[in-house]
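# Analysis of the macromolecular model
Spelled out from the first residue to the last, the chains are:
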Amino acid sequence: MGWVLVLMRGLPLLCAILIGVTVIAALRLVERPLHGASRPWTPWITVVFSRIVLALLRVRHQVKGHMMAHPGALVANHSSWLDIFTLNAVSPMYFVSKAEVAGWPGIGFLARITGTVFIARDRAQARAQKDIFEDRLHAGHRLLFFPEGTSTDNFRVLPFKSTLFEAFFTEDLRETLYIQPVTVAYTAPPGQDPRFYGWWGDMDFGPHALMLLAQPKGGSVDVVFHPPVPVRSIANRKVMAAAMEKAVRQGMPEGRQVAH
């Protein structure tokens, strides 16, 4: 029965992704010369197809709070590869990812075509990252990154690394930008390990994806948007990282507010 479910869900899921990629690529041919980097159309295609993916996986998607209207970035805890669809299903946003992801088979291509920002996690490149962020923010993009630097079992929030926050504290950015913390918390299907949706350590993508596809009963995910914080109100990147980490951890369900 598990393999039947894999085929019944996997084939439509692949078709949805292929159709989405094709539509985005075709629209970009018109969108790019008319609007440049602003991308007013194609991100909504990503939103629609992310919702389709979650529906095919039978993951109920629940949003609490609202994404900020201010210019700036969002930061979230990172539990799974599924986070990409979970967060994209809310509203247009652009992920900030480590540079290595661009070269990953399949995933790298999807990341590039949906406008992911690739950066090196190195303080020596803070100036270059600041320029990249500034260009994207001026284009109206709302960026999202995972300050933990890795994914977890969905039961803990790891310490937030402060490196990426540095770019938002330059003189020409800090006065106008906001950063909004976001908590992502999955609930496993009935009878399954509570960490069912978590993807961490040396877990392989393929077996984990097959496990989700073969699951007859669905689970759910809560996406909690906390109040945005103006960058100018925070002293420095380390204080901001600590404040964001605290807000995200407090948004986890009771029993999961586990410190590292």
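In short, a report on the structure. Per-chain numbering applies: the sequence of each chain, read as written, is numbered from 1 onward. Note on the predicted model: pLDDT of at least 70 is required for a residue's local features to be given, and 80 or more for side-chain atom pairs to be given and counted; whole-chain, interface and lining totals, by contrast, use all residues. Excluding hydrogens and water, the side-chain values take into account all heavy atoms of the structure.

## Let's talk about the side chain of Q180
Put simply, the test is: Each helix is a run of DSSP H or I of at least 4 residues and each strand a run of E of at least 2, with the numbering of both proceeding from the N terminus. The contact criterion used is simple: two residues touch if any of their non-hydrogen atoms lie within 4.5 Å.
Of note, Q180 is situated in strand 6 (residues 178–187). If we ignore the near neighbours within four places in the chain, the residues touching Q180 are H66, M67, M68, A73, L74, V75, F225, H226, P228 and M244.

## What about helix 1 (residues 2–35)?
Here is the rule we go by: A residue's bend is simply the angle between two axes: one fitted to the seven residues ending at it, one to the seven starting at it. Each residue gets one of three labels from its accessible area relative to the maximum for its type: buried under 20%, exposed over 50%, partly exposed in between, using a 1.4 Å probe on protein chains only.
The largest bend in helix 1 comes to about 35 degrees, at R28. Of all the positions in helix 1, only L5, V6, R9, G10, L13, A16, G20, V21, I24, R28 and E31 are classed as buried. Residues of helix 1 that are buried in the fold lie against helix 2 (42–56), helix 4 (107–113) and helix 7 (205–214).

## Some points on the nonpolar core
Among soluble globular proteins, nonpolar side chains are generally buried collectively. Spelled out, the test is: We call a set of buried residues a nonpolar core when its members are Ala, Val, Leu, Ile, Met, Phe, Trp, Tyr or Cys and they connect through side-chain atoms within 4.5 Å of each other.
Counting residues in hydrophobic clusters, the biggest one holds 32 residues, and the most contacted among them are L57, W81, L82 and L87. When residues of this core are traced back to their parent elements, those giving at least two are helix 1, helix 2, strand 2 (72–76), helix 3 (83–88), strand 6, helix 7 and strand 7 (220–225). Setting aside its immediate chain neighbours within four residues, L87 contacts A76, M93, F95, L144, F146, V182, V184 and V223. With 29 residues, the next largest nonpolar core counts F169, I179, V229 and V248 among its residues.

## A closer look at helix 7
Test applied: What the arc describes is the spread of directions from the helix axis to the C-beta atoms.
Taken as a whole, helix 7 has its buried residues at H208, A209, L212 and L213. What you see down the axis of helix 7 is that its buried residues fit within an arc of 135 degrees, all on one side. On its buried face, helix 7 sits against helix 1.

## Some words on the packing of aromatic side chains
Describing an aromatic ring pair means giving the distance of the ring centres and the angle of the ring planes. Put simply, the rule is: Only rings of Phe, Tyr and Trp enter the pairing, Trp through its six-membered ring, and a pair is recorded when the two centres are within 6.5 Å. The plane angle decides the type: under 30 degrees is stacked, over 60 is edge-to-face, the rest tilted.
Scanning the model with the defined rule gives nine aromatic pairs in all. Measuring from centroid to centroid gives 6.0 Å for F95 and F146, while their planes differ by 35 degrees, and the two rings are tilted. Of this pair, F95 sits in strand 3 (residues 94–98) while F146 sits in the loop between strand 5 (143–145) and helix 6 (171–174), placing them 51 residues apart in sequence. What makes F95 buried here is its relative accessible area of 8%. A relative accessible area of 8% means that F146 is categorised as buried. Considering the side-chain rings of F145 and F168, the 6.1 Å spacing of their centres and the 10 degrees angle between planes classify their relative orientation as stacked. Placement of the pair is F145 in strand 5 and F168 in the loop between strand 5 and helix 6, with a sequence separation of 23 residues. Each member of the pair, F145 together with F168, is buried. Taken together, the ring pairs in this structure connect W81, F85, W199 and F205 into an aromatic cluster.

## Brief notes about a nonpolar patch on the surface
Where we set the bar: Surface patches are drawn from residues lacking salt bridges whose relative accessible area is over 30%; two like charges belong together within 9 Å, two nonpolar side chains (Val, Leu, Ile, Met, Phe, Trp, Tyr) within 5 Å. Where accessible areas are quoted, they stem from the Shrake-Rupley method and a 1.4 Å probe; at the residue level, only the protein chains shown are allowed to cover. Between Lys or Arg on one side and Asp or Glu on the other, a salt bridge is scored when a side-chain nitrogen of the former is within 4 Å of a carboxyl oxygen of the latter.
Residues L29, V30, L34 and W41 make up a contiguous nonpolar surface patch of roughly 410 Å² in combined accessible area. Note that W41 resides in the loop between helix 1 and helix 2. Assessed through its relative accessible area of 34%, W41 is described here as partly exposed.

## Considering the pairing of strand 7
What counts is decided by this rule: When DSSP finds at least two bridges between two strands, those strands are taken to pair.
With six of six residues buried, strand 7 lies mostly within the body of the structure. With five bridges connecting them, strand 1 (residues 60–64) and strand 7 associate as parallel partners. Among the inter-strand pairings, V63 is bridged to a residue of strand 7, identified as V223. As judged from the six bridges shared by strand 6 and strand 7, these two strands associate in the antiparallel manner. Within strand 7, the residue paired with T183 across the bridge is V224.

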